[in-house]
Amino acid sequence: MSTSLKNELDLAAYWMPFTANRQFKAAPRLFSGASGVFYRTVDGRDVIDGSAGLWCVNAGHGRREITDAVAQQLHELDYAPSFQMGHPKAFEFASRLAKLAPAGLNRVFYTNSGSESVDTALKIALAYHRARGEGHRTRLIGRERGYHGVGFGGTSVGGMVNNRRAFGTLLAGVDHLPHTHNLEANAFSRGQPAWGAHLADALLDLIALHGADTIAAVIVEPVAGSTGVLVPPVGYLEALRAICDKHGILLIFDEVITGFGRLGQPFASQYFGVTPDMITTAKGITNGAVPMGAVFARDSIYEAFMKGPEQIIELFHGYTYSGHPIACAAGLATLDIYDREQLLTRANSIADAWADALHALRDLPNVIDIRNLGLVGAVELASRPGAPGARGYDALVAAFNSGLYFRTAGDVIALSPPLTITVEQIGQLADVLRKVLLGVK
Ligand code: PLP
């Protein structure tokens, strides 16, 4: 950062999220612009966006169509109440979204973030069972190393220790499946690892322990992102689906990261051919330009609520900004771009180049695993003894200084560039990463 800006800019007031505040403020990394697959730093350097912001800018930065749609919407209707009132774009956008979703998941509940989508889906699951006279189904099951945002529901079903330990006992009645990450069995797998489908059977153990009729829902990310890109073993998601079906348990896929084209299909559930009962989304729904999320629910879930006197509110849940006109306008413009540029399937045509570029890094120092699927990838580095995360952080800083931005999860470099990235730009990204990995001790 330029010295003059550092002197001008007061960094004290902003308490930054998921950031080492003191470390950051001593040596800030600031973006001031973005276009295509590049960020621009305040001191005028171009930096490749290796993580689509926070896995959200799927159509690349600076999309004029979204800017224009938002500006026009602000002029036309800046806000409309979301309770007992509506506006046309909320309905139009929901219909367009439902057409993209797996067959049968045609009901869309709007939120403003991934965390809200997760908490919404968990609440719908509980209320759904109750509406059907199965109110005894109250347990929620997540997975170790899962990330489902930061609400109390999402934190409870999530499985990342640092996200949990400071926050007390969280929700009662939550269990976790084991995670599927196993370097001994699966290191350097290209695509889905072969080993690990049997880990879904841990759900049978929880059923044996608690009784299926106490369990409302299982929530997993089809590909876990924030915990360092964990690709599901072949057959694992299918096995979870079969167990949930057999025991009347709802299966929720958290597709906040995998939704909107990350794997070469609109949703990961279509990529894997496994249809959950609900899908949680956010991020790519508006290309990250306006905060928004949505929960997709099976028709049968929605219909279970549509009983009783018609003047009674069926689900006592929602947000002031559910279906915000600006977000709907941004979302509709985003879907137009996805459609016109066929971005939701684009990962298919570049996934091989992506996998080749990443796996070519396997012999670099400290690299202990490389993983990939669609346009997601990870390079896992060995942790320094007694200092987990330190090498990953050094890589992040070195990369930023060398013209590449990515997310890290401890010592895992997580990559998910905009879906617009070209094969040439993939090569550029990999070249910078190679230099960075050679330099980080
Ligand atoms: N669920 C998953 C799978 C995520 O990856 C994230 C964020 O990265 C969330 C939920 C939370 O989303 P948000 O930060 O928009 O609340």
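Worth saying up front: this structure is predicted, and the values here are computed from it rather than measured.

As for the overall build of the protein chain
Then comes step 1: Scanning the protein chain from N- to C-terminus turns up 17 helices and 15 strands.
Then comes step 2: Rg of the C-alpha trace for the protein chain: 22 Å, near the compact-globule value of 22 Å for 441 residues, within the 12% margin.
Then comes step 3: For the protein chain, the spread of C-alpha atoms along the principal axes amounts to about 65 × 55 × 45 Å.
Then comes step 4: For the protein chain, the share of sequence-separated contacts (at least 6 apart) that also reach a separation of at least 24 residues comes to 72%.

Here's the deal with the sheet that holds strand 9 (residues 278-281)
Then comes step 1: Strand order in this open sheet of seven strands is 4-10-9-8-7-5-6, and the pairing throughout is mixed. The open sheet has two edge strands, strand 4 (107-111) and strand 6 (174-177), and neither has a second partner. Strand-to-strand twist in this sheet, taken as the mean axis angle between neighbours without regard to direction, amounts to 20°.

Here's the deal with the sheet that holds strand 15 (residues 412-415)
Then comes step 1: Within the open sheet, the four strands sit side by side as 11-12-15-14. Their pairing is antiparallel. A single partner strand is all that each edge strand has here, and the edge strands are strand 11 (367-373) and strand 14 (407-409). Neighbour to neighbour, the strand axes of the sheet diverge by 20° on average, direction disregarded.
Then comes step 2: Bridging between strand 14 and strand 15 involves three bridges; their strand directions are antiparallel.

Observations regarding the pairing of strand 5 (residues 139-143)
Then comes step 1: Among the five residues of strand 5, five are classified as buried, and the element is accordingly described as predominantly covered.
Then comes step 2: Judged by which residues are buried, strand 5 turns out to be covered on both faces: R139, I141 and R143 on one side and L140 and G142 on the other are all buried.
Then comes step 3: One ladder, built from three bridges, connects strand 5 with strand 7 (residues 215-220); its direction is parallel. Bridging from a neighbouring strand, L140 pairs with A217 of strand 7.
Then comes step 4: Inspection of the sheet shows strand 5 paired to strand 6 by four bridges, in the parallel sense. Counted as the bridge partner of R143 is L177 from strand 6.

Quick word on the site of the ligand
Then comes step 1: What surrounds the ligand is a group of 14 residues, the closest being S113, G114, S115, G149 and V256.
Then comes step 2: Of the residues forming the shell around the ligand, the biggest block, three residues, is contributed by helix 6 (residues 114-131).
Then comes step 3: Tallied by class, the residues present in the shell around the ligand amount to five nonpolar, seven polar and two charged.

Overview of the nonpolar core
Then comes step 1: Among the nonpolar cores identified, the biggest contains 121 residues, and A217, V218, L240, I252 and M278 are the most heavily contacted of them.
Then comes step 2: Take this core: its biggest share by element is eight residues, from helix 14 (residues 325-340).
Then comes step 3: Split by domain, this core shows at least three residues from each of two domains, domain 1 (3-59 + 343-439) and domain 2 (67-340).
Then comes step 4: In this structure, M278 is in contact with A121, I124, L250, I252, V295, F296, A297 and I301, ignoring residues within four places of it in sequence.

Description of the domain arrangement of the protein chain
In many reports, interface size means the accessible area that the parts give up when they come together.
Then comes step 1: Considered domain by domain, the protein chain is made up of domain 1 (3-59 + 343-439) and domain 2 (67-340).
Then comes step 2: Once you take the C-alpha centre of each, domain 1 and domain 2 turn out to be 26 Å apart.
Then comes step 3: Taken together, the contact between domain 1 and domain 2 spans 34 residues of the former and 30 residues of the latter.
Then comes step 4: Where the side of domain 1 that touches domain 2 is concerned, the elements lending two or more residues are helix 3 (52-55), helix 15 (346-359), strand 11, strand 12 (376-381) and strand 15.
Then comes step 5: Here the side of domain 1 that touches domain 2 is built from residues that sort into 19 nonpolar, 10 polar and five charged.

Notes on helix 4 (residues 64-76)
Then comes step 1: End to end, helix 4 covers 18 Å across 13 residues, agreeing with the expected 18 Å (1.5 Å per residue, within 8%).
Then comes step 2: Burial in helix 4 covers these residues: I66, A69 and Q73. For helix 4, the arc enclosing every buried residue in end-on projection is 65°, short of the 170-degree limit, so these residues lie on one face. Exposed residues lying more than 90 degrees from the buried face of helix 4 are R64, D68, A71, Q72 and H75.
Then comes step 3: Among the structural elements, helix 14 are those in contact with the buried residues of helix 4.

A short note on unusual backbone geometry
Then comes step 1: In this model, W55 sits at a positive phi of 65°, which is unusual for a non-glycine residue.
Then comes step 2: With respect to the helices, strands and loops of the structure, W55 is situated in helix 3.
Then comes step 3: On the basis of neighbour count, W55 is assigned to the buried category, with 24 C-beta atoms found within 10 Å.
Then comes step 4: One non-glycine residue, F260, adopts positive backbone phi at about 65°.
Then comes step 5: Among the residues examined, F260 registers 29 C-beta atoms within 10 Å and is labelled buried.

Cut-offs and rules
Per chain, the residues get numbers from 1 upward, laid out in the order the sequence is written. Restriction of local features to residues with pLDDT of at least 70 applies here, the model being predicted, together with a cutoff of 80 or more for giving and counting side-chain atom pairs; totals for whole chains, interfaces and linings are based on all residues. Helix and strand definitions here come from DSSP, where helices need a minimum of 4 consecutive H or I residues and strands a minimum of 2 consecutive E residues; each element is numbered from the N-terminal end. C-alpha atoms define the radius of gyration, and 2.2 Å times the number of residues to the power 0.38 defines the globule rule. This entry defines residue contacts through backbone-placed C-beta atoms, with two residues in contact when those atoms are within 7 Å. Here, any two strands with at least 2 DSSP bridges between them count as paired. Axes here refer to lines fitted to C-alpha atoms; in helices the fit is confined to the stretch in contact. Angles between the N-to-C directions go from 0 to 180 degrees. Residues with at least 20 other C-beta atoms within 10 Å of their own are called buried, those with 12 or fewer are called exposed, and the rest are partly exposed. The C-beta atoms themselves are positioned from the backbone. All residues are tested the same way: a C-beta atom is placed from the backbone, and lying within 6 Å of a molecule or strand makes the residue near it. Three categories are distinguished: nonpolar for Ala, Val, Leu, Ile, Met, Phe, Trp, Tyr, Cys and Pro, charged for Asp, Glu, Lys and Arg, and polar for the others, with Gly belonging to the last. Structurally, a nonpolar core is described as a collection of buried Ala, Val, Leu, Ile, Met, Phe, Trp, Tyr and Cys residues joined by way of C-beta atoms within 7 Å. Domain start and stop points were drawn from an automatic or database domain assignment. By this rule the span expected of a helix is its residue count minus one, scaled by 1.5 Å. It is the directions from the helix axis to the C-beta atoms that the arc portrays.

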